[in-house]
Amino acid sequence: MKNILVIGSTGQIGSELTMKLRRDLPGGTTVAGYIPGAEPKGVLLSSGPAEEANVCNAKQIADIVDKYDIDTIYNLAALLSATAERLPLKAWDIQMNGLINILEIAREKRCAVFTPSSIGSFGPSTPREDTPQDTIQRPTTMYGVTKVATELLSDYYFHRFGVDTRSVRFPGLISYTTLPGGGTTDYAVEIYYAAVKGEEFICPIAPGTYMDMMYMPDALKAAVDIMRAKPRYLKHRNAFNIASMSLEPEEIAASIRKYIPDFKMRYEVDPIRQHIADSWPDRMDDTCARKEWGWSPSFDLDSMTRDMLEHLRTKLQ
Ligand code: AKB
């Protein structure tokens, strides 16, 4: 992993992953791929090259791979779960037609590819507790359908053409740098912004709704470590369960109140997001990731809350 293209570099994951790769892997080039309207700014722009990289434009991506001698592609372009329910055909186009473009380029030009999967790749018939690595995947959302197909297609390209595809199933990701947009787990980020602004938080997800969540530094570590793992130890590839904490809204609110005692939250449940959340697991079993490439998260709820509040206080002051 030396010269890397991050497609979707200005999104929630991409904006931090691009910076981490530039910091942690000096000596190579990490190109920040973006689409018009979501151009990189500030340090993301000044710290390395940026190129327009629309996943649906195969020639554009192939030209970047040639220009920078790219060996690894992080394909982060996606519509998240709630937006994908509103725009299912667009989600299909980006997530599926985009993916096949990337896999074909990777096949021809010998690149490794990381395309994230998600807890959204599971559905209501999946075991909810300790969801196994290999289990029923019959999602009922377009987001989930594209994520299962992403896993299958990525495995297909590995077995059929030897393309080095690897991935993880991300939980809901909590971070302070770039807001997510259109996801079912977004509430777990927005709650911290409301707390720091001194606002009451209106929670769109019902109390008692457990979902896997993870703090961004752990998610970034996973995205890098899986691509650096020794291939001979990987029995699985697309995609590994990775878990860190299983949370419901009241628990996050209680953790925030340890630092902001008068924080207030009430519920206005969004039926679309709630329906999606109810179809996802409560807690994944990540034993395979731990065994096959040493996955281990660092943050728990309270250490994440402390760090989130500290950074957001600086950011929002
Ligand atoms: C979403 O809520 O859609 C995403 C995810 C869990 O994949 N954050």
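Our subject is the structure listed above.
Residues numbered from 1 in each chain as written. Predicted model: local features only at pLDDT ≥ 70, side-chain atom pairs only at ≥ 80, totals over all residues. Heavy atoms only, no water.

Undergrad: I keep staring at the sheet that holds strand S5 (residues 112–114) and nothing clicks. Help me out?
TA: Each strand in a sheet pairs with another by means of backbone hydrogen bonds, the pair being arranged parallel or else antiparallel. Spatially, S3-S2-S1-S4-S5-S7 is the arrangement adopted by the 6 strands of the open sheet, whose pairing is parallel. Sheet topology places strand S3 (50–52) and strand S7 (165–166) at the edges, where each strand pairs with a single neighbour. Sheet analysis places strand S4 (residues 72–75) next to S5, joined by 3 bridges and oriented parallel. The partner of threonine 72 across the bridge, within S5, is alanine 112. Here helix H1 (residues 14–24) sits on the sheet and contacts strand S1 (4–7), strand S2 (30–34) and S4; the angle it forms with S2, its principal contact strand, is near 165°. (Pairing = 2+ DSSP bridges. Helix = DSSP H or I, 4+ residues; strand = E, 2+ residues; numbered from the N terminus. Contact = heavy atoms within 4.5 Å. Axes fitted to C-alpha atoms, helices over the stretch in contact; angles between N-to-C directions.)

Undergrad: Could you clarify how one ought to interpret the environment of tyrosine 193 in this entry?
TA: Within the secondary structure layout, tyrosine 193 lies in helix H7 (residues 187–197). Separated by 120 residues in the primary sequence, tyrosine 193 and arginine 313 place their C-alpha atoms 9.0 Å from one another. Apart from residues no more than four positions distant in its own chain, tyrosine 193 is found in contact with Ser175, Tyr176, Leu179, Leu312, Lys315 and Leu316. A distance of 3.2 Å separates the side chain of tyrosine 193 from the backbone oxygen of tyrosine 176, its partner in a polar contact. (Polar contact = N/O pair within 3.5 Å; in protein donor to acceptor, adjacent residues only side chain to side chain.)

Undergrad: Looking at this model, I keep getting lost on the layout of surface pockets. Mind explaining?
TA: Unoccupied space between atoms shows up once a probe the size of one water molecule is rolled over them. Approximately 1,000 Å³ is the volume attributed to the largest pocket. Residue lining of the largest pocket: 49 residues in total, with Leu76, Ala77, Ala78, Leu79 and Leu80 positioned closest to the centre. Listed by contribution, the elements that provide at least two residues to the lining of the largest pocket are S2, helix H4 (81–86), helix H5 (88–109), strand S6 (117–118), helix H6 (142–161) and strand S9 (172–174). Taken together, the residues of the lining of the largest pocket sort by class into 23 nonpolar, 23 polar and 3 charged. (1 Å grid on protein atoms, 1.4 Å probe; cavity = no way out; pocket = protein on both sides within 12 Å on 5 of 7 lines; lining within 4 Å. Points joined across faces, edges and corners; volume = space filled by probe spheres on them. Nonpolar A, V, L, I, M, F, W, Y, C, P; charged D, E, K, R; others polar.)

Undergrad: I tried to follow the packing of H1 against helix H8 (residues 216–228) on my own but got confused; where do I start?
TA: Each pair of packed helices can be summarised by the angle the axes make with each other and by the distance between the axes. Axis separation between H1 and H8 bottoms out at 10 Å; the angle between their running directions is 60°. Judged on the interaxial angle alone, H8 and H1 are oblique. Our pair here, H1 against H8, has a crossing hand that is right-handed. Contact residues: Glu16, Leu17, Lys20 and Leu21 in H1; Met216, Leu220, Lys221, Ala223 and Val224 in H8. (Parallel < 35°, antiparallel > 145°, perpendicular 65-115°, else oblique. Left-handed = near helix turned anticlockwise from the far one by under 90°.)

Undergrad: Looking at this structure, how should I read the side chain of aspartate 286?
TA: With respect to the helices, strands and loops of the structure, aspartate 286 is situated in the loop between helix H10 (271–278) and helix H11 (287–293). By relative accessible area, which is 8% here, aspartate 286 ends up buried. A polar atom in the side chain of aspartate 286 sits 2.9 Å from the side chain of tryptophan 295. In this structure, aspartate 286 is in contact with Asn241, Ile242, Ala243 and Trp295, ignoring residues within four places of it in sequence. (Buried < 20%, exposed > 50% of the residue type's maximum accessible area, 1.4 Å probe, protein only.)

Undergrad: Can you help me understand the sheet that holds strand S13 (residues 245–247) in this one?
TA: Across the sheet, which stays open at both edges, the 3 strands sit in the order S9-S11-S13 with mixed pairing between neighbours. Of all the strands in the sheet, just S9 and S13 have a single pairing partner and so form its edges. In this sheet, neighbouring strand axes are inclined to one another by 45° on average, regardless of whether the strands run parallel or antiparallel. Where strand S11 (residues 211–215) meets S13, 3 bridges bridge the pair, whose relative direction is antiparallel. Directly across from aspartate 212, in S13, lies its bridge partner serine 246. The sheet contacts of helix H12 (residues 301–316) involve S9, S11 and S13, and relative to S13 the element is tilted by about 80°.

Undergrad: Even after reading the chapter, I still don't get the pairing of S11, so can you show me in this structure?
TA: Looking down a regular strand, the side chains alternate between one sheet face and the other. For S11, the buried fraction is high: 5 of the 5 residues fall into the buried class. Burial along S11 is two-sided: Met211, Met213 and Tyr215 and Asp212 and Met214, pointing in opposite directions, are all buried. Bridge count between S9 and S11: 3 bridges; the pairing is parallel. Across the sheet, leucine 173 pairs through a bridge with methionine 214, a residue of S11.

Undergrad: When you look at the packing of aromatic side chains in this model, what are you seeing that I'm missing?
TA: Remark: the centre distance and the inter-plane angle together describe each pair of aromatic rings, the angle taken between the planes. Overall, the coordinates contain 8 aromatic pairs when judged by the stated rule. With a centroid separation of 6.2 Å and 45° between ring planes, the pair formed by tryptophan 293 and tryptophan 295 is classed as tilted. One aromatic cluster is present, formed by Tyr74, Phe114 and Phe170 through successive ring pairs. Sitting above the plane of the phenylalanine 161 ring, arginine 107 keeps its charged end 4.7 Å from the centroid. A cation over a ring is seen here: arginine 237 above phenylalanine 158, with NZ or CZ 3.8 Å from the ring centre. (Phe/Tyr/Trp six-rings, centres within 6.5 Å; stacked < 30°, edge-to-face > 60°. Lys NZ or Arg CZ within 6 Å of the ring centre and 35° of its normal.)

Undergrad: I keep staring at the pattern of salt bridges and nothing clicks. Help me out?
TA: For side chains bearing opposite charge, pairing can occur when the charged atoms are close. For the coordinates displayed, the defined rule picks out 16 salt bridges. Put simply, lysine 67 and glutamate 51 hold a salt bridge, and the shortest N to O gap is 2.8 Å. Taken together, the positions of lysine 67 in helix H3 (residues 58–68) and glutamate 51 in strand S3 put the pair 16 residues apart, joining distant regions of the chain. Lysine 67 gets classed as exposed once you look at its relative accessible area, which sits at 57%. In this structure glutamate 51 comes out as buried when scored by relative accessible area, which is 18%. Residues aspartate 63 and lysine 59 are paired through a salt bridge, measuring 2.7 Å at the closest nitrogen-oxygen approach. (Salt bridge = Lys/Arg side-chain N within 4 Å of Asp/Glu carboxyl O.)

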